[in-house]
Amino acid sequence: MQRTVFDADHDAFRKTVRAFIESEVAPVYDEWYEAGIVPREFYYKLAELGVFGIEVPEEFGGAGIESFKFQTILIEETARAAVSFGGSSVHVGLCLPYLKHLATEAQKQRWLPGFVAAEIMFAIAMTEPGTGSDLAGMRTTAKLSEDGTHYVLNGSKTFITGGVHADRVIVCARTAAPREDDRRHGISLFVVDTKSPGYVVGRKLDKLGLKTSDTAELNFTDVKVPLEDLLGEENKGFSYLGQNLPQERLSIAVGAYAQATAAIRFAKEYTKQRNVFGQPVASFQNTKFELAACQAEVDAAEAVVDRGLEALDAGTLTPADAASAKLFCTEVAARVIDRCLQLHGGYGFINEYPIARLYADNRVNRIYGGTSEVMKMIIAKDMGL
């Protein structure tokens, strides 16, 4: 069934991205995989391709397109090739909405031109050791200095994608104590310069999957943050996070759907070429039934994703809608990729085969952006339960 969410411009962009991955990523991806990080210089190539500026207003060097669909194509094409661009997806998909909607004109002038050119790479730091999905429980603090000229940031963050290469990090910190009736009160957002004294990038975390993603721990010891680096209003950070989480969760659903789609393609290609008992694995009824069942699940996930994309562009995507899409698509992807790996036999367990990378990379989809359990809580609350 032909997808209707994309037009000719989207199709042309998809061809460009696919050719870029084949020429600039595929030949060196094994090197990145072994190193566990994407070279910082690679982001300049992405900037030249124009992917960082698509949704940035024209006055700041971008294309001014108000649609998430181009970013969706980038997510789908990286999944198709079973590769990852490291922190680039966080730079655009997670950080840009905060800058566009919360930054003052002066802040946009300072940051967005560099954002488009990859001269200022962004990351966002929410999660802390011991808090996980409970963002209201964060303990990192940003206290106003005695002379009122800056904030003093202290604390630590973990699981920060893009944290190694980032030049600026949107840090969530407490500027006031939580209220008895509102644990979420008192959180603010700051765009912190990673070159600031007291700002330390800790361990680059050794993960099960997403090996090329520079995920790190961050530590702050008396980091001075200028007043002009406060993003939005003080103490309203939690509401800002809530406004942007639906897009983040939909993007995870998109990635999961695309990974499942890629897994089916890899399994089809492998089973057609692999002979067992004198005939291709694809010729056995079990293989046909398994792949047919996987395709049916992916067709359903595609419908969910496309409905979400239309709602996001229309401004009608609710937190419950996004949670439902993330829950469904990530669970589908887990089942499909597992079954497609099984069809590879022992070779599915070897990292040189893309199905193995997909299997490892996919697992985090049910954790980050809010666990599957948290998604169920959001959906249940929306149901009045």
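These notes cover the structure that comes with them. (Residues numbered from 1 in each chain as written. Predicted model: local features only at pLDDT ≥ 70, side-chain atom pairs only at ≥ 80, totals over all residues. Heavy atoms only, no water.)

1. Focus: the overall build of the chain
Phase 1 of the analysis: A tally of regular secondary structure across the chain gives 11 helices and 10 strands.
Phase 2 of the analysis: Against the 2.2 N^0.38 benchmark of 21 Å for 385 residues, the chain shows a C-alpha radius of gyration of 21 Å, consistent with a compact globule.
Phase 3 of the analysis: When its C-alpha atoms are laid out on the principal axes, the chain stretches across 80 × 50 × 40 Å.
Phase 4 of the analysis: The burial tally for the chain puts 54% of its 385 residues in the buried class.
Phase 5 of the analysis: Long-range contacts, defined as pairs at least 24 residues apart, comprise 74% of the intrachain contacts of the chain with a sequence gap of at least 6.
Phase 6 of the analysis: Summed over its atoms, the accessible surface of the chain is roughly 17,700 Å², and 53% of this surface lies on carbon and sulfur atoms.
Phase 7 of the analysis: Charged side chains in the chain number 41 positive and 51 negative. The centres of these two groups are separated by 5 Å. (Helix = DSSP H or I, 4+ residues; strand = E, 2+ residues; numbered from the N terminus. Rg over C-alpha atoms; globule rule 2.2 N^0.38 Å. Buried < 20%, exposed > 50% of the residue type's maximum accessible area, 1.4 Å probe, protein only. Contact = heavy atoms within 4.5 Å. Areas by Shrake-Rupley, 256 points an atom, 1.4 Å probe, with all protein chains shown as cover. Lys, Arg positive; Asp, Glu negative; His and termini not counted. Charge placed at Lys NZ, Arg CZ, Asp CG, Glu CD.)

2. Brief notes about the pairing of strand 5 (residues 187-193)
Phase 1 of the analysis: For strand 5, the buried fraction is high: six of the seven residues fall into the buried class.
Phase 2 of the analysis: Across seven bridges, strand 4 (residues 168-174) lies against strand 5 in antiparallel orientation. If you follow valine 171 over to strand 5, its bridge partner there is phenylalanine 190.
Phase 3 of the analysis: Two elements, strand 5 and strand 8 (residues 230-231), share two bridges in a ladder whose sense is antiparallel. In the sheet register, phenylalanine 190 faces strand 8, and the bridge partner there is leucine 230. (Pairing = 2+ DSSP bridges.)

3. Considerations on helix 11 (residues 372-382)
What sets the pattern is the α-helix's 3.6 residues per turn: residues three or four places apart point alike.
Phase 1 of the analysis: For helix 11, the complete set of buried residues consists of Ser372, Met375 and Ile379. Within helix 11, the buried residues cover an arc of 55° as seen down the axis, which keeps them to one side. In helix 11, those exposed residues whose orientation departs by more than 90 degrees from the buried face are Glu373, Met377 and Lys381.
Phase 2 of the analysis: In this structure, the buried side of helix 11 is in contact with helix 7 (237-273) and helix 9 (319-343).
Phase 3 of the analysis: Downstream of helix 11 by one or two residues, glycine 384 has phi in the positive range, about 85°. (Arc of directions from axis to C-beta.)

4. Observations concerning the packing of helix 9 against helix 11
When two helices pack together, their arrangement is given by the angle between the helix axes and the distance between those axes.
Phase 1 of the analysis: Where helix 9 meets helix 11, the axes come as close as 9 Å, and the angle between the chain directions of the two elements is 140°. In terms of orientation, helix 9 lies oblique with respect to helix 11. Between helix 9 and helix 11 the crossing geometry is left-handed. Across from Pro319, Ala320, Ala323, Ser324, Lys326, Leu327, Thr330 and Glu331 in helix 9, the residues of helix 11 making contact are Ser372, Met375, Lys376, Ile378, Ile379 and Asp382.
Phase 2 of the analysis: In the contact of helix 9 with helix 11, the residues fall into seven nonpolar, three polar and four charged. (Axes fitted to C-alpha atoms, helices over the stretch in contact; angles between N-to-C directions. Parallel < 35°, antiparallel > 145°, perpendicular 65-115°, else oblique. Left-handed = near helix turned anticlockwise from the far one by under 90°. Nonpolar A, V, L, I, M, F, W, Y, C, P; charged D, E, K, R; others polar.)

5. Points about the environment of glycine 62
Phase 1 of the analysis: One can find glycine 62 in the loop between helix 3 (42-49) and helix 4 (69-80).
Phase 2 of the analysis: Considered as a pair, glycine 62 and alanine 117 are 55 residues apart in the sequence and their alpha carbons are 9.5 Å apart.
Phase 3 of the analysis: For glycine 62, the contacting residues outside a window of four places in its chain are Gly53, Val56, Pro57 and Val116.

6. Some words on the packing of aromatic side chains
Phase 1 of the analysis: Tallied over the entire structure, the rule returns 12 aromatic pairs.
Phase 2 of the analysis: Measuring from centroid to centroid gives 6.5 Å for phenylalanine 42 and tyrosine 43, while their planes differ by 55°, and the two rings are tilted. Just as phenylalanine 42 is buried, tyrosine 43 falls in that class too.
Phase 3 of the analysis: Considering the side-chain rings of phenylalanine 115 and phenylalanine 122, the 5.7 Å spacing of their centres and the 45° angle between planes classify their relative orientation as tilted.
Phase 4 of the analysis: Relative accessible area serves as the criterion here: at 0%, phenylalanine 115 is assigned to the buried category.
Phase 5 of the analysis: On the basis of relative accessible area, phenylalanine 122 is assigned to the buried category, the value being 1%.
Phase 6 of the analysis: Connected via pairs of aromatic rings, a cluster forms that spans Phe20, Tyr29, Trp32, Phe42, Tyr43 and Phe85.
Phase 7 of the analysis: Its guanidinium or amino end placed over the ring of phenylalanine 6, arginine 14 lies 5.2 Å from that ring's centre, counting from NZ or CZ. (Phe/Tyr/Trp six-rings, centres within 6.5 Å; stacked < 30°, edge-to-face > 60°. Lys NZ or Arg CZ within 6 Å of the ring centre and 35° of its normal.)

7. A few points about the side chain of glutamate 77
Phase 1 of the analysis: Tracing the backbone shows glutamate 77 in helix 4.
Phase 2 of the analysis: Residue glutamate 77 is classed as buried on the basis of its relative accessible area, which comes to 3%.
Phase 3 of the analysis: Excluding residues that lie within four positions of it along the chain, glutamate 77 makes contacts with Arg14, Val17, Arg18 and Ile21.

8. Some remarks on the pairing of strand 3 (residues 150-161)
Phase 1 of the analysis: In terms of strand pairing, strand 2 (residues 141-144) meets strand 3 through four bridges, oriented antiparallel. Counterpart to threonine 141 in the pairing with strand 3 is asparagine 154.
Phase 2 of the analysis: Hairpin connection of strand 2 to strand 3: five residues between the antiparallel strands, including glycine 148 at a positive phi of 70°.

9. What about helix 7?
Phase 1 of the analysis: If you check helix 7, its first and last C-alpha atoms are 53 Å apart, about what 37 residues at 1.5 Å a residue would give, namely 54 Å.
Phase 2 of the analysis: The largest bend in helix 7 is about 35°, located at asparagine 244, with the proline proline 246 one to four residues further on.
Phase 3 of the analysis: Extensive coverage of helix 7 is indicated by the burial of 28 of its 37 residues. (Expected span 1.5 Å × (residues − 1). Bend = angle between axes of the 7 residues up to and from the residue.)

10. Considerations on unusual backbone geometry
Phase 1 of the analysis: We note that alanine 82 has phi near 55°; this positive angle belongs to a residue other than glycine.
Phase 2 of the analysis: With respect to the helices and strands, the residue alanine 82 is situated in the loop between helix 4 and helix 5 (88-102).
Phase 3 of the analysis: Of note in this structure, leucine 210 is not a glycine but carries a positive phi near 45°.
Phase 4 of the analysis: With respect to the helices and strands, the residue leucine 210 is situated in the loop between strand 6 (199-204) and strand 7 (215-226).

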